[in-house]
Amino acid sequence: MTDDTNTPMPNPGGTRAGFVALIGEPNAGKSTLLNRMVGAKVSIVTHKVQTTRARIRGVAMAGASQIVFVDTPGLFQPKRRLDRAMVAAAWGGASDADVVVLLVEAQRGMTEGVERILTRLGEMGAGTRVALAINKIDRVEAPVLLGLSAKLNAAYPFVETFMISAEKGHGVEALRGWLAGVLPESPWLYPEDQIADLPMRMIAAEMTREKLTLRLHQELPYQLTVETENWEERPDGSARIDQLIYVIRDGHKGIILGSKGETIKSVSKAAREEMEAFLGRKVHLFLQVKVRPNWLEDSERYSEMGLEFRDGNQ
Ligand SMILES: Nc1nc2c(ncn2[C@@H]2O[C@H](COP(=O)(O)OP(=O)(O)OP(=O)(O)O)[C@@H](O)[C@H]2O)c(=O)[nH]1
Ligand SMILES: [Mg+2]
């Protein structure tokens, strides 16, 4: 024992642990990759852009290494307050991480958005270790991949390049193995059986938001938010979950309910089934829609999402 507080913690097990931020343009496949690494769906996935709103941590094990993946909102040019809060959360995730993995969609290649991200990464300086993962390789031919990899590596000094399909699993183990080896020596940061550090109330709210996003069109998913109001454990082992869906217009309420309440019924069923599968027990889900014209300017809604509400965000 020593009283020198600067001495690193003893690490007799030879374990490693650290944070790996997944960043990229909206829809690049960050949440899909996180879920595959963790082996469970902790972050919601849709075919639409701007699905993830806050930083979501998922814990993956690789031998003696514990990799804490940080899923982030997509990086794009923010216009509105919610946009700014999301993009700020994403860059915050990148600057706090031991390693950053930039996901680039193989098919879309070097877009203006990717160029902007590379410029910003360059400004972060050499202290940040950044790896490149070209995702969705199941969608393009090999020569396209090689060309894209060369172009991206000429634009930024990535420490390593991976070709992956987060959805199909190709190349994912190589990425996991590499990350496991480069993380700092450290005791594990979470208990071995923990897969996420998001409260279950929030995971449940996200599940409902995913089903709404899949069901609704145009801007509406962006303009709603879901919060778990109440969670009650019942003596028979089931859970009663009450959630509120906030929308900004009366008309939106009608769309979410659907004719004869069909839309909300099917959303509720799909969300409940996913909650039951995740929890391994019965769930009684009650959804209510509330019109709150100003929720996008309401700081409490942001803190519920795990986002910072800042004056500069308007
Ligand atoms: N074909 C193919 N589709 C993929 C792959 N990875 C992800 N997708 C799909 O791409 C879409 C977006 O995936 P997400 O994981 O939600 O993307 P994201 O980067 O988290 O998106 P935001 O949260 O909006 O920033 C979904 O429809 C996924 O099923 C892949 O390897 N191949
Ligand atoms: Mg996402």
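Refer to the preceding data block for the structure.
The rules behind these values
Residues numbered from 1 in each chain as written. Chains lettered and ligands numbered in written order. Predicted model: local features only at pLDDT ≥ 70, side-chain atom pairs only at ≥ 80, totals over all residues. Heavy atoms only, no water. Donors = N, O, S within 2.8 Å, 3.2 Å for Na, K, Ca; no water. Helix = DSSP H or I, 4+ residues; strand = E, 2+ residues; numbered from the N terminus. Buried < 20%, exposed > 50% of the residue type's maximum accessible area, 1.4 Å probe, protein only. Phe/Tyr/Trp six-rings, centres within 6.5 Å; stacked < 30°, edge-to-face > 60°. Lys NZ or Arg CZ within 6 Å of the ring centre and 35° of its normal. Near = heavy atom within 4 Å. Polar contact = N/O pair within 3.5 Å; in protein donor to acceptor, adjacent residues only side chain to side chain. Areas by Shrake-Rupley, 256 points an atom, 1.4 Å probe, with all protein chains shown as cover. Pairing = 2+ DSSP bridges. Axes fitted to C-alpha atoms, helices over the stretch in contact; angles between N-to-C directions. Parallel < 35°, antiparallel > 145°, perpendicular 65-115°, else oblique. Left-handed = near helix turned anticlockwise from the far one by under 90°. Contact = heavy atoms within 4.5 Å. Nonpolar A, V, L, I, M, F, W, Y, C, P; charged D, E, K, R; others polar.

(A) Here's a closer look at the coordination of the magnesium ion (ligand 2). Ligation of the magnesium ion (ligand 2) by protein atoms is provided by Ser 31 (OG) and Thr 52 (OG1), these donors lying 2.0 to 2.1 Å from the ion. In this pair, Ser 31 sits in helix 1 (residues 30–38) while Thr 52 sits in the loop between helix 1 and strand 2 (56–62), placing the two residues 21 residues apart along the sequence. Of the two residues examined, Ser 31 and Thr 52, each falls in the buried class.

(B) Summary view of the packing of aromatic side chains. Taken as a whole and judged by the stated rule, the model has 3 aromatic pairs. Plain terms: the ring middles of Tyr 156 and Phe 158 are 4.9 Å apart, the flat faces sit at 55° to each other, and that makes the pair tilted. Here Tyr 156 matches Phe 158 in class, with each residue buried. Between Phe 162 and Trp 178 the ring centres are 5.5 Å apart and the planes differ by 55°, which places this aromatic pair in the tilted class. Taken as a pair, Phe 162 in strand 6 (residues 160–163) and Trp 178 in helix 5 (residues 172–182) lie far apart in primary sequence, 16 residues in all. For the pair shown, Phe 162 and Trp 178 are each scored as buried. One cation-aromatic arrangement involves Arg 80 over Tyr 222; the distance from NZ or CZ to the ring centre is 4.0 Å.

(C) Representation of the site of ligand 1. Taken together, 23 residues sit near ligand 1, with Lys 30, Thr 32, Gln 50, Thr 51 and Glu 167 positioned nearest. Backbone polar atom of Thr 46 to an oxygen atom of ligand 1: 3.4 Å apart, as the coordinates give it. The backbone of Gln 50 places a nitrogen or oxygen atom 2.8 Å from an oxygen atom of ligand 1. Within the complex, 93% of the 660 Å² of free accessible area of ligand 1 lies under protein. Among the elements that take part in the shell around ligand 1, helix 1 stands out by supplying 3 residues, more than any other.

(D) View of the pairing of strand 2. Burial of strand 2 is extensive: 5 of the 7 residues sit out of reach of the surface. Of the strand pairs in this sheet, strand 2 and strand 3 (residues 65–71) are connected by 7 bridges, and their pairing is antiparallel. Among the inter-strand pairings, Ala 60 is bridged to a residue of strand 3, identified as Ile 67. Remark: 2 residues form the turn of the hairpin made by strand 2 and strand 3, two consecutive strands paired antiparallel; Gly 63 in that turn has positive phi of roughly 60°.

(E) Seen up close, the packing of helix 6 (residues 200–215) against helix 8 (residues 262–279). Helix 8 packs onto helix 6 with a crossing angle of 140° between their chain directions and a minimal axis gap of 9 Å. Regarding the angle of helix 6 to helix 8, the classification is oblique. Considering the relative orientation of helix 6 and helix 8, their crossing is right-handed. Between helix 6, through Met 200, Ile 203, Ala 204, Met 207, Thr 208, Glu 210, Lys 211, Leu 212 and Arg 215, and helix 8, the contact on the second element is made entirely by Thr 263, Ser 266, Val 267, Ala 270, Ala 271, Glu 274, Met 275, Phe 278 and Leu 279. Of the residues that constitute the contact of helix 6 with helix 8, the class distribution is 11 nonpolar, 3 polar and 4 charged.

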